[in-house]
Amino acid sequence: MLRMDRLSTTLVRLTMDRPPANALSFDLIQALADDLARFGSEADAPAVILTGAGERFFSAGGDIREITINADAAVPRMRAFHRLLVALENYRCPLLCAVNGYAVGGALELVLFADHVVASDSAKFGFPEINHGLLPAAKGMRQAMNRLGRRAAEHLLYTGELVSAQEAQAMGLVDEVVGFSDLQDRTRAIAETLRLKDMHLFSAIKRTFGDAPRMTDEELEARTLGDMQEYLNRGETAAARDRFLQRKTRQQHG
């Protein structure tokens, strides 16, 4: 259902493998949230690539059959999905999506929380569930507005229409569009590049991206000073500044 491949000591790929459409069942949602929590607790937390099995579906979103069969399952299922979105948002290291096909409904909400999205040229995105008696999570809708802007989010959420990978890139949902055969290699290359960055710095930037829209100017100033003090006092960052200054000195005297 959820395959985990440890590609290196600092890179993990999670593959949603639930034929025929990699729909998000309660168990799959729980497994994703649990794995992210486990990886995030590691001292040297890895970058994570999230993808789907096959060529046609990243994921068709929530498994509506679970709710149709048992309406009482809707509340615990949505609680679990909200927990997954929180885990995605709070994951402190690079989180990437390799979108291999349709990413719709709840699956699009997962994509919205990624730090970098690479899509195959046949991928499709949208919220078609609004035409079938279902509502996206409020946290996912807020992220759509924050990530895409209100007008683009309104278009997706009011109409339920699907957009192509190229249209998704134009609206800022997707960073890169590649052929399916290049999807995994390209996403891995980006993940490895991001994971080379100082993860304390990466985590600080990512945390502020998430918190800043709800922070006052005073809170932003306190965050700036606290992060600056912690960052400047680390040996790794001092060494990086020394290397930069030495390089600038050589250039000036070259």
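What you see is a predicted model; the values in this text were computed from it and never measured. (Residues numbered from 1 in each chain as written. Predicted model: local features only at pLDDT ≥ 70, side-chain atom pairs only at ≥ 80, totals over all residues. Heavy atoms only, no water.)

Notes on the overall build of the protein
At step 1: When helices and strands are tallied, the protein shows 11 helices and 10 strands.
At step 2: Radius of gyration (C-alpha) of the protein: 20 Å, near the 18 Å computed for a compact globule of 254 residues.
At step 3: Its C-alpha atoms give the protein principal-axis dimensions of about 70 × 45 × 35 Å.
At step 4: Looking at the protein alone, contacts between residues at least 24 apart form 71% of all its contacts between residues at least 6 apart.
At step 5: For the protein, the accessible surface area stands at approximately 13,200 Å², while carbon and sulfur atoms represent 54% of it. (Helix = DSSP H or I, 4+ residues; strand = E, 2+ residues; numbered from the N terminus. Rg over C-alpha atoms; globule rule 2.2 N^0.38 Å. Contact = heavy atoms within 4.5 Å. Areas by Shrake-Rupley, 256 points an atom, 1.4 Å probe, with all protein chains shown as cover.)

Thoughts on the pairing of strand β2 (residues 11-16)
At step 1: Across the six residues of β2, six count as buried, placing the element largely inside the fold.
At step 2: Bridge count between strand β1 (residues 2-8) and β2: six bridges; the pairing is antiparallel. In the sheet register, D5 faces β2, and the bridge partner there is R13.
At step 3: As consecutive antiparallel partners, β1 and β2 are separated by two residues.
At step 4: Pairing geometry for β2 and strand β3 (residues 47-52), over six bridges, is parallel. What sits directly across from V12, in β3, is V48.
At step 5: With helix α1 (residues 26-40) bridging β2 and the parallel β3, this β-α-β connection has right-handed handedness. (Buried < 20%, exposed > 50% of the residue type's maximum accessible area, 1.4 Å probe, protein only. Pairing = 2+ DSSP bridges. Right-handed = clockwise from strand over helix to strand, strands pointing away.)

As for the environment of F26
At step 1: The topology assignment puts F26 in helix α1.
At step 2: When its relative accessible area of 28% is taken as the criterion, F26 is described as partly exposed.
At step 3: Taking C-alpha positions, F26 is 8.6 Å from G62, a pair spaced 36 residues apart along the chain.
At step 4: Setting aside anything within four residues of it in sequence, one finds F26 in contact with E66, P76, R77 and A80.

Digging into the pattern of salt bridges
At step 1: As enumerated under the stated definition, the model contains 17 salt bridges in all.
At step 2: Here D35 and R38 are joined by a salt bridge, their closest N and O atoms 2.8 Å apart. Residue D35 and its partner R38 are both found in helix α1; the two are separated by three residues, about one turn of the helix.
At step 3: D35 sits in the buried class, given a relative accessible area of 12%.
At step 4: Two residues, E89 and K139, come together in a salt bridge whose shortest N-O distance is 2.6 Å. Note that E89 is positioned in helix α3 (residues 74-90) and K139 in helix α5 (residues 138-148), a separation of 50 residues in sequence. In terms of burial, E89 and K139 fall into one category: buried. (Salt bridge = Lys/Arg side-chain N within 4 Å of Asp/Glu carboxyl O.)

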